[in-house]
Structure formats: C-alpha cells, structure tokens
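Results of the structural survey
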Amino acid sequence: MSEPSFLGGRFPPHRILAGWLGEAGSARLLEYALAAEDRFIPTRLAAVGKGRLDSVVRHSSVLKDLGDFAVPLRRRALALQAELETDFEMPATPRNSTQMEVVAHGHGAFYRAHTDTFTGDHYTPGGRRRLTMVYYFHREPRRFTGGRLRLFDLAGGETIDVEPEHDSLLVFPSTALHEVERVSCFKGAFGDGRFSLNIWLCG
Ligand SMILES: O=C(O)CCC(=O)C(=O)O
Ligand SMILES: [Fe+2]
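The following refers to the structure shown. (Residues numbered from 1 in each chain as written. Chains lettered and ligands numbered in written order. Predicted model: local features only at pLDDT ≥ 70, side-chain atom pairs only at ≥ 80, totals over all residues. Heavy atoms only, no water.)

1. Things to note about the overall build of the protein
- A count of helices and strands for the protein gives two helices and 14 strands.
- Across the 203 residues of the protein, 49% fall into the buried class.
- Counting contacts in the protein only where the partners sit at least 6 residues apart, residues at least 24 apart contribute 79% of the total.
- When the accessible area of the protein is evaluated, it comes to approximately 10,000 Å², of which 53% is carbon and sulfur surface. (Helix = DSSP H or I, 4+ residues; strand = E, 2+ residues; numbered from the N terminus. Buried < 20%, exposed > 50% of the residue type's maximum accessible area, 1.4 Å probe, protein only. Contact = heavy atoms within 4.5 Å. Areas by Shrake-Rupley, 256 points an atom, 1.4 Å probe, with all protein chains shown as cover.)

2. Thoughts on the coordination of the iron ion (ligand 2)
- Looking at the iron ion (ligand 2), one finds its protein donor set to be H114 (NE2), D116 (OD) and H178 (NE2), positioned 2.0 to 2.1 Å from the metal centre.
- Mapping the donors of the iron ion (ligand 2) onto the primary sequence yields the spacing H-x1-D-x61-H. Here H178 lies in strand β12 (residues 178–180) and D116 lies in the loop between β6 (110–114) and β7 (129–137), a separation of 62 residues in the sequence.
- Using a relative accessible area of 4% as the deciding quantity, one classes H178 as buried. (Donors = N, O, S within 2.8 Å, 3.2 Å for Na, K, Ca; no water.)

3. Here we look at the site of ligand 1
- Residues in close proximity to ligand 1 total 13 residues, the closest being D116, Y136, H178, R194 and N198.
- At 3.3 Å from an oxygen atom of ligand 1 is found a side-chain nitrogen or oxygen belonging to R58.
- Protein chains bury 98% of the 290 Å² of accessible surface belonging to ligand 1 in isolation.
- By residue number, the principal contributor to the shell around ligand 1 is strand β14 (residues 194–202), which donates four residues.
- Across the shell around ligand 1, the residue classes break down as six nonpolar, four polar and three charged. (Near = heavy atom within 4 Å. Polar contact = N/O pair within 3.5 Å; in protein donor to acceptor, adjacent residues only side chain to side chain. Nonpolar A, V, L, I, M, F, W, Y, C, P; charged D, E, K, R; others polar.)

4. What about the sheet that holds strand β5 (residues 98–105)?
- Strand order in this open sheet of seven strands is β1-β11-β7-β14-β5-β4-β2, and the pairing throughout is antiparallel. Of all strands in the sheet, those bounded by a partner on one side alone are β1 (15–18) and β2 (41–42).
- By the bridge criterion, three bridges tie strand β4 (residues 61–63) to β5 in an arrangement that is antiparallel. Residue pairing across strands places S61 opposite A104, the latter belonging to β5.
- Along the sheet, helix α1 (residues 22–35) contacts β4, β5, β7 and β14; its crossing angle with β7, the most-contacted strand, is approximately 90 degrees.
- The sheet contacts of helix α2 (residues 70–87) involve β1, β5, β7, β11 (168–173) and β14, and relative to β7 the element is tilted by about 125 degrees. (Pairing = 2+ DSSP bridges. Axes fitted to C-alpha atoms, helices over the stretch in contact; angles between N-to-C directions.)

5. Regarding the pattern of salt bridges
- Tallied over the full model, the rule gives 13 salt bridges.
- When the shortest N-O distance is used, the salt bridge between E163 and R142 registers 3.0 Å. With E163 in the loop between β10 (159–162) and β11 and R142 in the loop between β7 and β8 (145–146), the pair connects residues that are 21 residues apart, well separated along the chain.
- Owing to a relative accessible area of 33%, E163 belongs among the partly exposed residues under this scheme.
- Given the relative accessible area of 28%, R142 is considered partly exposed.
- Between E181 and R148 there is a salt bridge, with its nearest N and O atoms 3.0 Å apart. Of this pair, E181 sits in the loop between β12 and β13 (183–184) while R148 sits in the loop between β8 and β9 (149–152), and the two are 33 residues apart along the sequence.
- The partly exposed category is assigned to R148, whose relative accessible area is 26%.
- Look at the salt bridges and you will find they share partners, linking R58, K64 and E101 into a network. (Salt bridge = Lys/Arg side-chain N within 4 Å of Asp/Glu carboxyl O.)

6. Considerations on the sheet that holds β10
- Strand order across the open sheet formed by five strands is β3-β6-β12-β9-β10, with antiparallel pairing between neighbours. Either end of the sheet is taken by a strand with one partner, and the two such strands are β3 (58–59) and β10.
- Pairing of β9 with β10 involves four bridges; the strand directions are antiparallel. If you follow L151 over to β10, its bridge partner there is I160.

Okay, structure coming up:
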C-alpha cells in the first residue's frame, strides 16, 4: 500500500491504490458498464424550477446492478478494511454490509460538496457508511476533462484534487467533505465518460 498522502492531519486520511484491478480486470468492468448503458438511470436528487427536474447537487447516472462483479469486488474491498481502519485510526468494526454502484459522469456531470454519511440519499437503505472507496475506470486515452475528486481539508478551506486515473482506487472516511469537479466530454459518447465504482463499507 502507498505511503499516507494526507498532510500533517490537515486533510482527512486518504489512500490512492494504483492498478487496483489490473489491466484485464479494469477492461472487463468497463466492458460490463458500456454494455449496460440502457440500464443506467439519472442520479438526480433535487427538483427546482417550474416542475422541471434539475440537478443542483449531483448530476450523473448510476447502475446499481454489478452482476457477477458484485461478489469478487466486495471481497476485494473487504480485504482492505482492517488495514485501512488502522491507517486511518478508525475504530475496527466487524465486517458488515457494503453498498456498491457504478456511476457514469458524462458531459456536464458533477457532484457538489457533500459527505457520504448523508442519509437523505434514497440510494442509502440503512447501514452507516464508514469507508468510501471510489474505483476509477474509463477508455484510454481519456476522452474527458475535469472530473477531479476534490477532498476538502478539515476546516473546509483548502483542497486536495485527485485525478480519476484509470484503474486506481481512492479511499477515505465517509465523513470527509468532497466533491466531483464538473466533467467536460463535449459531443462525447456515453462510453467516453468518467466511470467510477463506488463501494461503501458500512458498519
Ligand atoms: O466519483 C467520485 O470521485 C466520487 C463520487 C462521490 O462522491 C459519491 O458518489 O458519493
Ligand atoms: Fe461522495
């Protein structure tokens, strides 16, 4: 595992694991996501304006069905739990429920500053989120710009910007404030977007 990248306690603890699934694994997951294009649904959370559904918090699309990937991915994520809890100085918890989803950020997509412990999200049935894992994958060469994950410092002023590098896993406590910078993928096809797999370890 890489050295801690958080600075003197100013930022929430976080880790970046490059090459988490490897070339073949990342290609298979991308292929699965692209083939499921029709099953992605909007992640819109808020209605504004004259009855028009518009996103003010989150704009992207999501696939909750991980198919045959669900079991092995869950196992891989849980295998990291104990080490991460130690590194992040979080209390150890028994292995518990996980939540997983694949998210596509196409042109104009974003997710404003939030924490993942927000329970108003209708995608969060019970289970307190403790660790957030985001695995990034996309076509190479990358066909979008933007889409960095911005992690705020504990005072909410400064940020660390994490590039969504293909085949990398970012982990941080679910209580950390973060946002996804707006993605530009002008005239890009669905498959040219920024794909991510969210895994939440709950307890
Ligand atoms: O895609 C990312 O980098 C993070 C997504 C996120 O914050 C979320 O889905 O809660
Ligand atoms: Fe989040």
